[in-house]
Amino acid sequence: MSGIWIAVFGILMFTVGYRYYSKFVAERIYRLDPNYETPAHKFQDGVDFVPTNKFVLWGHHFTSVAGAAPIVGPAIAVYWGWLPALIWVTFGTVFAAGVHDFGALVLSVRNKGQSVGTIASKLIGKRAKTLFLFIILILVLMVNAVFAWVISRLFISYPASVLPVFLEIPLAVWIGYKVYKKKGSMLLPSIIALAVMYITAVIASNVPALQIDLVSYFGGEESQTLFGLNGLSMAFFIWIIVLMVYAYISSTLPVWKLLQPRDYINSHQLVVGLAILYLGLLFLNPTVTAPMTNGKAEVSWFPLLFITIACGAISGFHGLVSSGTSSKQLNKETDARFVGYFGAVGEGTLALIAIIAVVTFFASPGDFTATYSSFQNASAGGLGAFIGGAGQLATGLFIPEGIASTIVAVIVVSFAATTLDTSVRLMRYIIAELGSEYKVSALTRTHVATSIAVISSAALVLLPEGPKGFGSGGYLLWPLFGTSNQLLAGITLLLISIWLKNQNRNYLVTLVPMIFLLFMTLWAMIQQVVFDWSGLGETEGNMLLFIFGSLILGFTLWILLEAISALSTKNKFSDIDYKA
Amino acid sequence: MKIKNSFKKLIQGYDEMLSLSHRTEIARELRDEDDLFLFLCFSEMFGIPNPAFYYTLELYPYMLEKFHDWHLRMGMENSPLDGVRCC
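Residues numbered from 1 in each chain as written. Chains lettered and ligands numbered in written order. Predicted model: local features only at pLDDT ≥ 70, side-chain atom pairs only at ≥ 80, totals over all residues. Heavy atoms only, no water.

Draft legend 1. How the structure looks around the pattern of salt bridges. Residues and elements named next belong to chain A. What the rule picks out here adds up to 8 salt bridges over all chains. Linking Glu333 and Arg110 is a salt bridge whose minimum nitrogen-to-oxygen distance equals 2.6 Å. Pair noted here: Glu333 is in the loop between α14 (316-324) and α15 (336-359) and Arg110 is in the loop between α5 (82-109) and α6 (116-124), with a separation of 223 residues, a long-range link. An identical accessibility class is assigned to Glu333 and Arg110; each is buried. (Salt bridge = Lys/Arg side-chain N within 4 Å of Asp/Glu carboxyl O. Helix = DSSP H or I, 4+ residues; strand = E, 2+ residues; numbered from the N terminus. Buried < 20%, exposed > 50% of the residue type's maximum accessible area, 1.4 Å probe, protein only.)

Draft legend 2. Representation of the interface of chain B and chain A within the structure. In this assembly, 20 residues from chain B lie in contact with 28 residues from chain A. Across the interface of chain B and chain A, roughly 2,200 Å² is buried in total on both sides, 66% from carbon and sulfur atoms. The three residues of chain B that bury the most area against chain A are B:Met17, B:Leu18 and B:His22, which together make up 28% of that side's buried surface. With its nearest N and O atoms 3.5 Å apart, the salt bridge here joins B:Arg31 to A:Asp45. Here chain B is connected to chain A by 6 residue pairs in polar contact (both at pLDDT 80 or more). A per-class count over the side of chain B that touches chain A returns 8 nonpolar, 5 polar and 7 charged. (Contact = heavy atoms within 4.5 Å. Buried area = accessible area lost by both parts, 1.4 Å probe. Polar contact = N/O pair within 3.5 Å; in protein donor to acceptor, adjacent residues only side chain to side chain. Nonpolar A, V, L, I, M, F, W, Y, C, P; charged D, E, K, R; others polar.)

Draft legend 3. How the structure looks around the packing of aromatic side chains. Residues and elements named next belong to chain A. Applying the stated criterion across every chain yields a total of 34 aromatic pairs over all chains. Geometrically, the ring pair formed by Phe306 and Phe516 is edge-to-face, given 5.1 Å between the ring centres and 85° between the ring planes. Remark: Phe516 occurs in helix α21 (residues 508-533) and Phe306 occurs in helix α13 (residues 301-308); sequence separation between them is 210 residues. For Phe306, a relative accessible area of 9% corresponds to the buried category. Every member of this aromatic cluster is reached through a ring pair, and the members are Tyr18, Phe55, Trp58, Phe62, Phe338, Tyr341 and Phe342. Above the plane of the ring of Tyr20 lies Arg19, whose end atom (NZ or CZ) is 5.1 Å from the centre. Positioned over the ring face of Phe338 is Lys54, at 5.2 Å from the centre of the ring. (Phe/Tyr/Trp six-rings, centres within 6.5 Å; stacked < 30°, edge-to-face > 60°. Lys NZ or Arg CZ within 6 Å of the ring centre and 35° of its normal.)

Draft legend 4. Structural detail: the environment of A:Leu210. All names here are of chain A. Inspection of the secondary structure puts Leu210 in the loop between α9 (187-206) and α10 (214-217). Sequence spacing of Leu210 and Thr444 is 234 residues, and the spatial spacing of their C-alpha atoms is 42 Å. Leu210 has contacts with Leu163, Ile203 and Ala204, leaving out every residue within four places of it along the chain.

Draft legend 5. Representation of unusual backbone geometry. Residues and elements named next belong to chain A. In this chain, Phe302 is followed by Pro303 through a cis amide linkage whose omega measures 5°. Within the secondary structure layout, Pro303 lies in helix α13. Residues other than glycine seldom take positive phi values, yet Arg31 does so here, at roughly 45°. Here Arg31 shows up in the loop between α1 (3-29) and α2 (39-42). With a relative accessible area of 43%, Arg31 lands in the partly exposed category. Located in the positive-phi region is Phe398, a residue other than glycine, with phi close to 60°. Checked against the element boundaries, Phe398 lands in the loop between α17 (375-394) and α18 (401-437). A relative accessible area of 79% means that Phe398 is categorised as exposed.

Draft legend 6. Looking closely at α15(A). Residues and elements named next belong to chain A. Its 24 residues place the ends of α15 34 Å apart at the C-alpha level, agreeing with the 34 Å of an ideal helix rising 1.5 Å per residue. Along α15, the sharpest kink reaches roughly 25°, centred on Phe342. Most of α15 sits inside the fold, with 23 of its 24 residues counted as buried. (Expected span 1.5 Å × (residues − 1). Bend = angle between axes of the 7 residues up to and from the residue.)

Draft legend 7. Here's a closer look at the nonpolar core. By size, the foremost hydrophobic cluster in this structure holds 198 residues, and its most contacted members are A:Tyr30, A:Phe102, A:Ile353, A:Tyr372 and A:Phe386. Sort the elements by how many residues they give to this core and helix α7 (residues 126-157) of chain A lands first, with 22 residues. Those residues within four positions of A:Ile353 in sequence are excluded, and the remaining contacts are A:Leu274, A:Leu277, A:Tyr278, A:Leu281 and A:Leu393. Of all hydrophobic cores here, the second largest spans 8 residues; its members include B:Leu38, B:Phe42, B:Tyr60 and B:Met63. (Core = buried A, V, L, I, M, F, W, Y, C linked by side-chain atoms within 4.5 Å.)

Draft legend 8. Highlighting a nonpolar patch on the surface. All names here are of chain A. A contiguous nonpolar patch, built from Phe9, Ile87, Phe91 and Phe95 and spanning about 330 Å² of accessible area, is present on the exposed surface. In terms of residue count, the dominant contributor to the nonpolar patch is α5 (3 residues). Among the secondary structure elements, Phe91 is positioned in helix α5. (Patch = residues over 30% accessible without salt bridge, like charges linked within 9 Å, V, L, I, M, F, W, Y side chains within 5 Å. Areas by Shrake-Rupley, 256 points an atom, 1.4 Å probe, with all protein chains shown as cover.)

Read these as spatial facts, not as claims about activity.
In structure tokens form, the structure reads like this:
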């Protein structure tokens, strides 16, 4: 079967979903009012609250939510075959992510542009805020630790990508400075920056002297180096230290100096990458070699599939973006459908091409099964398979495969690096906020909070021996990522459902995905915490996962109880604007 | 000509789309810088002796338009200056 059919099915689903389902939700459920004065107009300040054209806002929203996650999740989940992944990505986007992102946007617009965190603390009190903080803290700690490993792994596997990625830093600083001080346009400089990066990638893939290959500098994978580490571990060690130092510096600099211009360059990469992959797919017309379903999977797809693919189907982080920045810039309430729902569709198309890239990469079903022989191998090799597959798709546009793979690696590393420095910054904010909450003033200082964030992340990466060898300690906690992220999405859907119920509207459109999501999260958590990690089941226990897992399981149960009580009482939401 | 114009519009839209968050951030940083500057100019009002007060007085006429937004952001509901009655 041709990979194009998968794309056709997915895009058809997204089109029908957007054309009909989102229209129904917008008109009948959220009842968008074109005359409602949005916070962008009400509190217009030229900075945060600015009425913005809906296409522009969609672009901002889409590039803010799309990163490495919609690629990593599907690339691993095809372990269960391409069909379950495809179904969850399409149905998840249409029925869960769409209403979630769209709903978070509408809810926030109807509440002075406040974030879901603030709205939740109004609804379930201060406990909700602390709960939010802890969930996000665990999430970002995992992200820091795992992304440090992922970037190091890509640097080691694709040494030609190192130079262009490092070149992006001074280029971004240059753009930031140029725009801030001279107020020029960013478009031309950032396209030049992108061109410089890609040209460097092309040159570096052909000139071995420009490839920074630490493993070979240390005499190969098995050679002995300092502290009893072999060449490979030493390379990991150095890259992780370099990344942590980088994360420290980048997260303490003002955002306009490095983070923002980097994001801007990366947004071009997203557009360029998507265009290359879909056009390549059309021209190359590759055959799907991966099996439709995997009957021999040793880990059941139910419920793990729904946790493995978070971004690309539904993700809690999207609610944070929807209610954090997008809602403050919505020009008309009716634009929310396009920005929120179509933003989710944008991310769905990224997840879709990630699935296609992986399932068409392998020469034969046997090759696929060899790489995806177990869930653990799928987790380890998924991203590599995506980069290979994406490189292969790019050959449809006559780009040589080696160069294409390096460029895709550059794109993935750039996304991952942006996620890394954003999450270190986020962790710093949360530590500072917890510091002020519990009156520990030392924690509110920038360098103290950043040091704690970076050192704890580095310790998690380097100290414990992870499942993928030295430097992969973050993976010890990674099984919790999907569940905590989905939990966040569940809370947002719960808030929207309560808001809808209190206005006597049909709240099934958000309640059903919420129940589905919380049920899957709970199922996966109970299975893992009670049977896999506690040591009571057949497998050997894992204390670390057991403790953190129990904590999140407790949070989930708590949220469920809150959900039942909040849905059965009416007055809790009294200070929220209901007027249509 | 028509194609050229629509292409130009497309590029403009694309640029705006991607630079939105960046522009917001820069506007916020610039506003913070401005706030700090105004704070220094009005520092006497906050009880901070300012040896350059006599000279900063000359700047007031240029600041009047920004003054209202600034005192609101600084947490003062009404104008703190008798001479400047902006609200």
